[in-house]
Amino acid sequence: MVKNNELLAYFLENLWTKGFKLTDEEVQFIYFGMKYTNTTAKQVKIALSLTLQLKLQFDGSFYISLLELCQNHNIGTMREARNALKEKQII
């Protein structure tokens, strides 16, 4: 079975191939946020994807707030995340 960190590493590598060149500090912060909020790799992927889509760059504080949203509302899909953001009038 693939571990959370491995799933996240594959996702980050895929972002790199698509042109999202995150710095080493940003990647470290992404892993820090995962541990800090006790979220899954799937939730991290959702939060990071939405951060990049909505901010057009990596925004650490926005990313952490999305991780917390995912954790607090047990969000597991992009649809659930988008609905939660709409309810909070973020999008």
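Scroll up for the structure.
Cut-offs applied
- Residues numbered from 1 in each chain as written.
- Predicted model: local features only at pLDDT ≥ 70, side-chain atom pairs only at ≥ 80, totals over all residues.
- Heavy atoms only, no water.
- Helix = DSSP H or I, 4+ residues; strand = E, 2+ residues; numbered from the N terminus.
- Rg over C-alpha atoms; globule rule 2.2 N^0.38 Å.
- Buried < 20%, exposed > 50% of the residue type's maximum accessible area, 1.4 Å probe, protein only.
- Contact = heavy atoms within 4.5 Å.
- Lys, Arg positive; Asp, Glu negative; His and termini not counted.
- Charge placed at Lys NZ, Arg CZ, Asp CG, Glu CD.
- Phe/Tyr/Trp six-rings, centres within 6.5 Å; stacked < 30°, edge-to-face > 60°.
- Lys NZ or Arg CZ within 6 Å of the ring centre and 35° of its normal.
- Core = buried A, V, L, I, M, F, W, Y, C linked by side-chain atoms within 4.5 Å.
- Polar contact = N/O pair within 3.5 Å; in protein donor to acceptor, adjacent residues only side chain to side chain.
- Axes fitted to C-alpha atoms, helices over the stretch in contact; angles between N-to-C directions.
- Parallel < 35°, antiparallel > 145°, perpendicular 65-115°, else oblique.
- Left-handed = near helix turned anticlockwise from the far one by under 90°.

**Student:** Any chance you could explain the overall build of the protein chain here in plain terms?
**Tutor:** Helix and strand counts for the protein chain come out as five helices and zero strands. Helices (α) and strands (β) of the protein chain occur, in sequence order from the N terminus, as α-α-α-α-α. Its C-alpha radius of gyration of 12 Å places the protein chain within 12% of the 12 Å reference for a compact globule of 91 residues. Along the first, second and third principal axes, the C-alpha set of the protein chain runs to 30 × 30 × 20 Å. Here the protein chain holds 91 residues, and 36% of them are scored as buried. Restricting the contact set of the protein chain to residue pairs at least 6 apart, pairs at least 24 apart contribute 56%. Considering the protein chain, the positive charge centre built from 11 side chains and the negative charge centre built from 9 side chains are found 8 Å apart.

**Student:** Explanation requested: the packing of aromatic side chains in the structure shown.
**Tutor:** Between two aromatic rings, the relevant description is the distance of the centres plus the angle of the planes. All chains considered together, the criterion is met by five aromatic pairs. Taking 5.5 Å as the distance between ring centres and 20° as the angle between the ring planes, the aromatic pair formed by phenylalanine 32 and tyrosine 36 counts as stacked. One end of the pair is phenylalanine 32 and the other is tyrosine 36, both in helix α2 (residues 24-37) and four residues apart, which spans about a single turn. On the basis of relative accessible area, tyrosine 36 is assigned to the exposed category, the value being 53%. Taken together, a centroid distance of 5.5 Å and an interplanar angle of 50° make the contact between phenylalanine 58 and tyrosine 63 tilted. Residue class for phenylalanine 58 comes out buried when judged on its relative accessible area of 13%. For tyrosine 63, a relative accessible area of 0% puts it in the buried group. The positively charged end of lysine 55 is found above the aromatic ring belonging to phenylalanine 62, 4.7 Å away from the centroid.

**Student:** What's the story with the nonpolar core in this structure? I'm lost.
**Tutor:** Most often, soluble globular proteins have nonpolar side chains that are buried together. Residues Leu8, Ile30, Leu48 and Tyr63 are the most contacted members of the largest nonpolar core, which totals 26 residues. Every element with two or more residues in this core is listed here: α1 (4-17), α2, α3 (41-55), α4 (60-72) and α5 (78-87).

**Student:** Even after reading the chapter, I still don't get the environment of lysine 21, so can you show me in this structure?
**Tutor:** With respect to the element layout, lysine 21 can be found in the loop between α1 and α2. Distance in space between the C-alpha atoms of lysine 21 and glutamine 57 is 9.7 Å, their sequence separation being 36 residues. When neighbours within four sequence positions are excluded, lysine 21 is seen to be in contact with Trp16 and Glu26. Among the polar contacts listed, one links the side chain of lysine 21 to the backbone oxygen of tryptophan 16, at a separation of 3.1 Å.

**Student:** Would you take a moment to explain the packing of α3 against α4 for this structure?
**Tutor:** The angle between the axes and the distance between the axes are what describe a pair of packed helices. Packing of α3 against α4 brings their axes to within 9 Å, and their N-to-C directions diverge by 140°. The angle between the axes of α3 and α4 places the two elements in the oblique class. The chirality of how α3 crosses α4 is right-handed. Residues Gln43, Val44, Ile46, Ala47, Leu48, Leu50, Thr51, Leu54 and Lys55 of α3 lie in contact with α4, whose contacting residues are Phe62, Tyr63, Leu66, Leu67, Cys70 and Gln71.

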